[in-house]
Amino acid sequence: MPERVHTRFNGESRPERFPPKSVTLQDHSTPPQGKKRKRAEKLPNSPPSKPHSTNPGPNTLPHSPKNSAIVGNAPRNQANGVIPDRQLNSNGRTPSNARRDNKDMKAQYGHLIKRRDALLPARKALPIWSHAAEIKEGLRGPKDVMLLVGETGSGKSTQVPQFLLDEPWCKGCIAITQPRRVAAISLARRVAEEMGSLLGSSSPSSKVGYSVRFDNSTSPNTRIKFLTEGMLLQEMLRDPWLKQYSAVIVDEVHERSVNVDLLLGFLRNLVTGDKKGRKGMPLKVVVMSATADTESLFKFFNAGYQGRKSEHSQISNGIDRKLDRTEDSESSWSGISSSEDEKPKAKSSKITQTNGSLKLKANSNVNNSAEPAALVSKFISTCYIEGRQYPVKILYLPEPTQDFVEAALKSIFQIHYKEPLPGDVLVFLTGQDTVEALERLVNEYALGMDADVPKILALPLFAALPQSAQQKIFHPAPPKTRKIILATNIAETSVTVPGVRYVVDSGKVKIKQFRNRLGLDSLLVKPISQSAAIQRKGRAGREAPGQCYRLYTEKDYLELQPRTTPEILRCDLSHAILTMKARGVEDVVGFPFLDPPTREGLEKALLLLLQLGALSDTGEISDIGLKIAKLPLTPTLGRVLVEAADPERDCLLEIIDIISCLSVENIFLNLITEEKKEDAEVARQELYRREGDHLTLLATVQAYASEHTDRKAWAEKHYVSHRAMQNIMDVRKQLRQQCTQLKLLSQSVDMSAAPQSSQARSNNILHCLLRGFAANTARLMPDGSYRTLLGNQTVAIHPSSVLFGRKTEAIVFSEFVFTNKSYARGVSAVQLDWVGEVLASLS
DNA sequence: GAGCACTGC
């Protein structure tokens, strides 16, 4: 039986930084508008000249708050009985029809208004409500930037845009960005309800819309638009001045995605620049974060205004000199040690704040949520909103443990025996393997429990788990049963698990880090940061006071690095740089980064872009680069695609199919039992190609696409993920459209060209892959191992590859990952002289 | 003979 493991208890009550919100809105019953006609208002006779949506209205789909947090895909396009207004207008409706429409419309509007009024008391009870005047005031006059810290549950994401809507400066649209698609869509739905408006493209009069990949739902009257960060960056390609917006609200900044870092840089340039492209229209920026990192954000924006001062000395003299911007505020204060490359397992948790803290003496309490010392600027305001979080007790291990799975097992049963129901347990682990191992152990131990003890229901939760299995965490537990949710990091931000009062935190996370020198991604288990530990803890206090069992000592906690390293310091920068170049940033080293990447990382990425032909020798973006930047692909994959459009290659459609596969999750299901594995091998045999994984993917997509009766059954029969295949078809469609727009793909197939032999076609495809992945090539050595041609590193073909165990003179691979050793994933066999030709052409 | 955390255009 498990024994007591936690002896020390730390009843922590000091305010900490707060966990980020993942959006699970509690109260959105959707009006039954699906069966109604969408003619809410008498239209002026100028219907939109083109549809503003690719999807006639997801709000017409049944929707529950639960699945809003977990549905990975936006609602798929479907005909839902919505009649476009234009069609109605030209249809010559009879008077009785018109009367019925009118009645429907009134009923619908009545419903919307009723709903809006019903929601008002809940809005007024939000912590942010009493700050409305302060927030409005903070953006008036010369104040263009507001830094807003709001804890979970403060209501900032839904209320701030509504507060700003009627401000005199707000003539245009308000954009509000989110890191995830589901959040953008469900927040838009909620705000539409609160405003008594229809959502998105469902009515031309709707005031609230959203825009995410594959699903854009806005109307001509949209005033508040929720979008993913990537979508706003995409819009900036067409409109660098963001002319349709009066305000941009950047939400969840503490998550520090690469896209948010780029957005903040662009917005700083815009707001502190001359704004001449905006024709005098003001632009207000609100930066919202759940953690009190105001100081770094303040310095970041303030530096922009000070830079402006030196260029245009007539502006700005209201900046408090106490906050002396120094050159080092361009350098990182997040304490990233750049020696990571050599020793991934080195003391990465030991963090020194030497890097700039000298200049920050007075305000160096970066990790406290206490209000920082005066941050004063005539252009920047700050606002702090309290949240709604129940207290959570923290319990540490007295001694460090080597085996966090075992320690978690003990803690789970300690909680289960000691604490009364209700109160589910959420356990944070590192990956599928540890989740499944602990699941087995928990079930095993549960068999030995006395009959009078409540039962235990162990539920795994990780992204690769099928949706139906993920949904189980939302089902109420049977009577006298405690749910134990065994989760990866997915539960930290993306999925809100209800009913949790106990959190067990392993203190570890599996994290991906790009290593410039080797040009590969490492996927390693590492200690979490203090802020991640606080976020995990917060998951226990959402519904009632809770407890957090940390499977490490308090000393270990204090030695963790204060913040999670921002993604931009961990990833391959080539995509980010191309994004900047395509939006007119010439000097990427001088770009305002909140945390500047290392010079080495920037140089490595610039070199890659140069090799791809995306940049010219002088560092300017080329035509090819501009095309690649418009595609939703990494620069390498984009280059492969552009190559395929070359008349000499002539295999664009095939390459699109392959690239679509490479940009979604694994399509071949991971099977557990030996029996299933053998079945799958037999069933997939017809799909496998001896040329390697890429042509195997092509064969799979083509077989799936030519299946017209039952694609789901086809996928099951071949042990292929149907969900992945649906995503692939979406991506494929989008890429084909974009290739047509970019004039890479002509709509009519050229019939005059001689058909390629299947061999020639395969060779062409492989040549295209080589063009993008020239750096990812290796040759067979006499001892049977593979060595990369650039860099001379040993690399093994990953066992998931169809080429695993095969010997071929050279390989090209689309992924280079280090887990236990260096692996090539996504591998094709090529001729050595082809590789030589490509490499020679680059130098 | 391994086993991939999580987003996004």
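Predicted, not measured: the structure shown is a model, and the values here were computed from it. (Residues numbered from 1 in each chain as written. Chains lettered and ligands numbered in written order. Predicted model: local features only at pLDDT ≥ 70, side-chain atom pairs only at ≥ 80, totals over all residues. Heavy atoms only, no water.)

Colleague: I keep staring at the packing of helix α23 (residues 693-705) against helix α26 (residues 758-772) and nothing clicks. Help me out?
Modeller: Helix-helix packing is characterised by the crossing angle of the two axes and by the distance between the axes. Axis separation between α23 and α26 bottoms out at 11 Å; the angle between their running directions is 120°. Judged by the sense of rotation from one axis to the other, the crossing of α23 with α26 is right-handed. Facing H694, L695, L698 and Q702 of α23, the residues of α26 in contact are R761, S762, I765, L766 and L769. Classifying every residue of the contact of α23 with α26 gives 5 nonpolar, 3 polar and 1 charged. (Axes fitted to C-alpha atoms, helices over the stretch in contact; angles between N-to-C directions. Helix = DSSP H or I, 4+ residues; strand = E, 2+ residues; numbered from the N terminus. Left-handed = near helix turned anticlockwise from the far one by under 90°. Contact = heavy atoms within 4.5 Å. Nonpolar A, V, L, I, M, F, W, Y, C, P; charged D, E, K, R; others polar.)

Colleague: Where do I start with the packing of aromatic side chains in this structure?
Modeller: Aromatic ring pairs are reported here in terms of the distance separating the ring centres and the angle at which the planes meet. For the structure on display, the rule yields 11 aromatic pairs. With a centroid separation of 5.9 Å and 70° between ring planes, the pair formed by W129 and F163 is classed as edge-to-face. Of the two residues, W129 sits in the loop between α3 (95-124) and α4 (132-137) while F163 sits in helix α5 (residues 156-164), which places them 34 residues apart along the sequence. Relative to F816, the ring of F813 has its centre 5.5 Å away and its plane inclined at 65°; by these criteria the two rings are edge-to-face. F813 gets classed as buried once you look at its relative accessible area, which sits at 0%. Joined through ring pairs, the aromatic side chains of F266, F591 and F593 make up one cluster. The aromatic ring of F818 is capped on one face by R515, whose charged end is 5.3 Å from the ring centroid. The ring of Y557 carries R550 above its face, with NZ or CZ at 4.4 Å from the centroid. (Phe/Tyr/Trp six-rings, centres within 6.5 Å; stacked < 30°, edge-to-face > 60°. Buried < 20%, exposed > 50% of the residue type's maximum accessible area, 1.4 Å probe, protein only. Lys NZ or Arg CZ within 6 Å of the ring centre and 35° of its normal.)

Colleague: Please explain the sheet that holds strand β3 (residues 173-178) as it appears in this structure.
Modeller: Note: strands within a sheet are paired through backbone hydrogen bonds, in either parallel or antiparallel orientation. Spatial strand order, β5-β4-β6-β3-β7-β8-β2-β9: 8 strands in an open sheet with mixed pairing. Here the strands that pair on one side only, and so sit at the sheet edges, are β5 (215-217) and β9 (380-385). Ignoring strand direction, the axes of neighbouring strands in this sheet form an average angle of 20°. (Pairing = 2+ DSSP bridges.)

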